[in-house]
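Descriptive analysis of the structure
Each chain, letter by letter, is given below.
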Amino acid sequence: MVDLSGSGAVGTELGQGSGSNNNAKKTKKSRTRRGKRGRRRRNKRNTRSNKTPPPYFPPEAEEGNIEYKLKLVNPTQYRFEHLATQLKWRLQEGRGEAVYQIGVEDNGLLVGLTEADMRASLRTLKRMAEKVGADITLLRERELDYDSDRSTRKIAEVLVRKVPDDQQFLDLRVAVLGNVDSGKSTLLGVLTQGELDNGRGRARLNLFRHLHEIQTGRTSSISFEILGFNSKGEVVNYSDSRTAEEICESSSKMITFIDLAGHHKYLKTTVFGLTSYCPNFAMLMVSANTGIAGTTREHLGLAMALKVPIFIVVSKVDLCSGSTVERTVRQLERVLKQPGCNKVPMVVSNPDDAVTAAQQFTQSTCVSGENLDLLKVFLNILPPLSNSKEQEELMQQLTEFQVDEIFSVPDVGTVVGGTLYSGTCREGDRLVVGPTDQGRFLRLKVGSIQRNRSACRVLRAGQAATLALGNFDRSLLRKGMVLVSPKMNPTICCQFEAAIILLFHAKTFRRGSQVTVHVDNVRQTATVECLQGKEELRTGEHAVVRFRFIKHPEYLRLGAKLLFREGVTKGIGHITRLLPPLPQNQNQDQNLQEH
């Protein structure tokens, strides 16, 4: 545009020097005027788009936990009762959380309210929340400026959260990934304890489980830490509620961090944590001074292969200059935009960005923050990815509990830890556990249940807990088993088929190859029996492969995600067929033995 203006000006001066080219002069003047008018219109349009947010949201969905309300000013009693019932429905859809957009029509048009109407609407919403046993938190207010003749109007985004009731709080699991020495354990120590690190690793000491971890400062096992938020969005860890039981009792939302190992030699532990503990999200830690190094790419690839939503936190920004931090962020953006990732990065630099990122997380958001407060805001708003309908459908199914850990506790007996995949589990329930090395399932009775280290009466699908099994012989149990309802008539397999894609292999993948297979909580070496339609497989190729477990049969589910590795060989896929080891006409009841 600047070049065009210059040409027009030069042409006009030349025309004034000759009296014989008036038509050319008029033409150049008219072009200049048209160019200026066009530039003014474009500049005005660009200025308006920079000042204001989009004039609409997507239309309101009937399902889900997001509700649009134009205004809530002085409703009648009948209208108020209807609004409270509607709020209760939205809270059920969001499993205890709902988001209200005030000043927005049902079709998504941003109309806005005056200051007085907005205050009155927020008072009404607070009354509605109190009626259904919830609290409200104002997430943000934004001004609308579409028409300079109108008075300033605002829209508000409000979080409504249920007050905790009998441990029925919203519980999200976040797996913490990243290269060794990226600051994973230190960040979790600071987040959950509320005390800054001294620069020499003091904050991470409480997270370590073994002496060699304290001596080296490197995590080699899986540990868990909890961060609780009350109904007003405040962290409860830093108050008088310091024990796990007290934190659970006063929390409306719980974030359970699964601290995984960053060193490459502990990769099998990290993969087991991702496949077995069913995290809702993955938090990838990247050190600002080293950037994408070591196992960072591998951890990112694992989370994406298992379709775990991921966000990124850049740590150690105080050790680097601003240009170094920017270089690391640009490096992350390049990696996330590559065809293999195909993500849309979003850098969080203020609380408003944190709210936006959390609300739009289902659209593959990447987060990088320099401030702990921004990370807390993000975690507080982080929504559950499953709605109440999906949760209800899982709870209606038969009980299936995946065994991830086994303990012996004095005065309690044998205890198993894991995740309830489907159904519900109560104290006194009679289940069967297996398969054993002989492919059998053994009867047992569930004693007490603990969730987040505090007693729990009922366990629901998707929740992690520990179950006391009394005097059940611990030697009969192993990781990878399941506790299921006897009505399920569980089937087991020594061989199975899976549709896979080979992510990387140095040479070729063929019959006879041995790999370590990860499916949910199952981790066992398997042999490749055959490749359907192919003799061998190379990097990037697809195939249907039959695997055979080497040691003992396992309980698997059709459609379950599969990940396998052996050295540099890596692949992913899903199970398409189960091949039981016993004849089909043999009665499964013979495998149920009284223990």
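Structure first, text after, so check above.
Presented here is a report on the structure given in the accompanying data block. Everything numeric in this text was worked out from a predicted model, so none of it was measured.

1. Let's talk about the overall build of the chain
Each helix and strand counted, the chain has 13 helices and 30 strands in total. In the chain, of all internal contacts separated by at least 6 residues, the share reaching a separation of at least 24 is 70%. Accessible surface computed for the chain: about 29,600 Å², of which carbon and sulfur atoms make up 48%.

2. Quick word on the sheet that holds strand 1 (residues 66–69)
Picture the strands of a sheet paired through backbone hydrogen bonds; they go either parallel or antiparallel. Pairing in this open sheet of four strands is mixed, and the strands run 1-2-4-3 from one edge to the other. Only two strands of the sheet have a single neighbouring strand rather than two, namely strand 1 and strand 3 (134–144). Geometrically, the sheet is characterised by an average inter-axis angle of 20 degrees between neighbouring strands, direction not taken into account. One ladder, built from 10 bridges, connects strand 3 with strand 4 (residues 153–162); its direction is antiparallel. Its bridge partner being in strand 4, Ala 134 is matched across the sheet by Lys 162. Helix 4 (residues 115–131) contacts strand 2 (97–102), strand 3 and strand 4 of the sheet and is inclined by roughly 160 degrees relative to strand 3. Packing of helix 11 (residues 351–359) onto the sheet brings it into contact with strand 1, strand 2, strand 3 and strand 4, and relative to strand 3 it is tilted by some 110 degrees.

3. Let's talk about the packing of aromatic side chains
Per the stated rule, a full pass over the model turns up eight aromatic pairs. With centroids separated by 6.1 Å and ring planes inclined at 45 degrees, the aromatic side chains of Phe 57 and Tyr 68 adopt a geometry described as tilted. Within this pair, whereas Phe 57 is found in the loop between helix 2 (22–51) and strand 1, its partner Tyr 68 is found in strand 1, the two being separated by 11 residues in sequence. You'll find Phe 57 and Tyr 68 in the same group, each marked buried. Seen in terms of ring centroids, Phe 509 and Phe 564 are 5.6 Å apart; in terms of plane orientation they differ by 20 degrees. Their pairing is stacked. One end of the pair, Phe 509, is in strand 23 (residues 509–510); the other, Phe 564, is in strand 28 (residues 561–566), and 55 residues separate them in sequence. Of the two residues examined, Phe 509 and Phe 564, each falls in the buried class. Members of the aromatic cluster, connected to one another through ring pairs, are Phe 496, Phe 509, Phe 547, Phe 549 and Phe 564.

4. Describing the pairing of strand 25 (residues 522–531)
Note: strand 24 (residues 514–519) against strand 25, six bridges, orientation antiparallel. Directly across from Val 517, in strand 25, lies its bridge partner Gln 524.

5. Structural notes on the environment of Ile 102
Considering the arrangement of structural elements, one finds Ile 102 in strand 2. When its relative accessible area of 0% is taken as the criterion, Ile 102 is described as buried. Through-space distance from the C-alpha of Ile 102 to that of Val 158 is 7.8 Å; in sequence the pair is 56 residues apart. If sequence neighbours within four positions are ignored, Ile 102 has contacts with Lys 69, Leu 70, Leu 72, Leu 113, Met 118, Ser 121, Leu 125, Lys 154, Ile 155, Ala 156 and Val 158.

6. Some details on the pattern of salt bridges
Applying the stated criterion across every chain, the model contains 22 salt bridges. Glu 97 serves as the salt-bridge partner of Lys 253, at 3.4 Å between the closest nitrogen and oxygen. Of the two residues, Lys 253 is situated in strand 7 (residues 253–259) and Glu 97 in strand 2; the sequence distance between them amounts to 156 residues. A residue is classified by how much of its surface remains accessible, and Glu 97, at 3% relative accessible area, is buried. In this structure, the salt-bridge partner of Arg 140 is Asp 352, at a minimum N-O distance of 3.2 Å.

The rules we used
Residues numbered from 1 in each chain as written. Predicted model: local features only at pLDDT ≥ 70, side-chain atom pairs only at ≥ 80, totals over all residues. Heavy atoms only, no water. Helix = DSSP H or I, 4+ residues; strand = E, 2+ residues; numbered from the N terminus. Contact = heavy atoms within 4.5 Å. Areas by Shrake-Rupley, 256 points an atom, 1.4 Å probe, with all protein chains shown as cover. Pairing = 2+ DSSP bridges. Axes fitted to C-alpha atoms, helices over the stretch in contact; angles between N-to-C directions. Phe/Tyr/Trp six-rings, centres within 6.5 Å; stacked < 30°, edge-to-face > 60°. Buried < 20%, exposed > 50% of the residue type's maximum accessible area, 1.4 Å probe, protein only. Salt bridge = Lys/Arg side-chain N within 4 Å of Asp/Glu carboxyl O.

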